[in-house]
Every structure is written in structure tokens, then in C-alpha cells.
Amino acid sequence: VDWAGVVIAVMCLASLVGGIVHGVARRSASQLTLMATLAALTIPAALVAGPWWLLALVLVPSNLVCAPTLAATTERVSHLAPPDVRGEAMGVQDSATRLGLALGSPVVGFVMDHTSPGMGFVAAGVGGLAFAAAGAALSLRDTSEESTPQHA
């Protein structure tokens with residue numbers, strides 16, 4: 001606990017580096033790929049019971065894709081929304097992000113309270129993978145509907 005601030009600073013630095021790399025890249029990975037990667041790379045932190053610096057190192061990979069995931073989500077929403085409702089769409093996206101944090105944090109806390117602190121990382125990662133899978137399923141459904149001819 002004494003070193004939590006340093007661990008968070010390392011996480012923030014990794015996210016900053018990931019955001020800069022994402023920003024200069026000619027083409028980024030898809031939002032769903034980044035989301036699934038972020039979630040999957042969060043889970044291994046559950047295995048760390050050792051010193052604070054080891055936890056910080058284990059969290060670097062997931063945080064390298066944190067800012068890119070947020071940026072890719074914003075980019076996707078801005079491309080999907082027509083210009084006349086883009087501000088509203090961005091507001092809905094922001095609300096959805098805040099709602100996810102507001103609902104996810106107590107769930108992770110509940111898991112930690114009833115198992116172990118490390119299992120909080122598993123809960124967060126599995127939850128993220130579930131949302132990524134739901135997003136992928138919805139994307140596939142939208143793609144199949146576009147290719148299906150409509151009969152009047």
C-alpha cells in the first residue's frame with residue numbers, strides 16, 4: 001500500500017507511452033482488438049503476490065494499450081456518428097464509460113472481498129473480455145444484416 005502511488009505512476013506512464021505510439025501510428029488496431037488485449041493483459045496481475053515493483057512491471061503491458069483503447073473507441077464513435085449528432089454520440093460514449101466504471105468497480109471490489117485481492121484483476125479482465133465478445137458478436141450481426149438482401 002505504501003508504494004501504490006508509484007505503481008499507479010508507472011501505469012500512467014505506460015498508458016502515456018501507449019497513447020503516443022497509437023497517435024503516431026499510421027493505422028491502429030481495431031477497437032475490439034485493443035479492448036480484448038487490454039482485458040486479457042490485465043488478468044496476469046492476479047499472479048503477483050510479491051513486491052510492488054513486480055506488480056508495476058506486470059501491469060505495464062495492459063496499460064500500454066489503455067490509452068489506445070480509449071482513443072480507438074472515441075475514433076470509432078466519431079466515424080459512425082453523422083456530423084449533426086456527433087456531439088451527442090460522444091456524450092453518450094462518455095456516459096457509457098462512466099457507467100461502466102461506476103458499475104464495474106463495486107463488482108471488482110465484491111470479488112476481492114470474497115476471494116483475494118488478485119482475483120480483482122481476474123474479474124476486471126474477464127469482464128472486459130465479456131464486453132469485447134459482446135461487441136464482436138454485435139459487429140458480426142451488423143455485418144451479416146448489411147449483406148442480407150432486404151425483401152419488401
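As shown above, the structure is provided for reference.
Residues numbered from 1 in each chain as written. Predicted model: local features only at pLDDT ≥ 70, side-chain atom pairs only at ≥ 80, totals over all residues. Heavy atoms only, no water.

This part covers a nonpolar patch on the surface. A cluster of nonpolar residues, Leu-13, Leu-16, Val-17, Ile-20, Val-21, Val-24 and Leu-64, forms a patch on the protein surface that exposes about 640 Å² of accessible area. Broken down by element, the nonpolar patch gets its largest block of residues, 6 residues, from helix α1 (residues 4-24). Positionally, Leu-13 belongs in helix α1. (Patch = residues over 30% accessible without salt bridge, like charges linked within 9 Å, V, L, I, M, F, W, Y side chains within 5 Å. Areas by Shrake-Rupley, 256 points an atom, 1.4 Å probe, with all protein chains shown as cover. Salt bridge = Lys/Arg side-chain N within 4 Å of Asp/Glu carboxyl O. Helix = DSSP H or I, 4+ residues; strand = E, 2+ residues; numbered from the N terminus.)

Before going further, it helps to examine the packing of aromatic side chains. Going through the model one piece at a time under the given rule, you end up with 1 aromatic pair. With a centroid separation of 4.7 Å and 5° between ring planes, the pair formed by Trp-3 and Trp-52 is classed as stacked. Within this pair, whereas Trp-3 is found in the segment before α1, its partner Trp-52 is found in helix α3 (residues 52-64), the two being separated by 49 residues in sequence. What makes Trp-3 partly exposed here is its relative accessible area of 45%. (Phe/Tyr/Trp six-rings, centres within 6.5 Å; stacked < 30°, edge-to-face > 60°. Buried < 20%, exposed > 50% of the residue type's maximum accessible area, 1.4 Å probe, protein only.)

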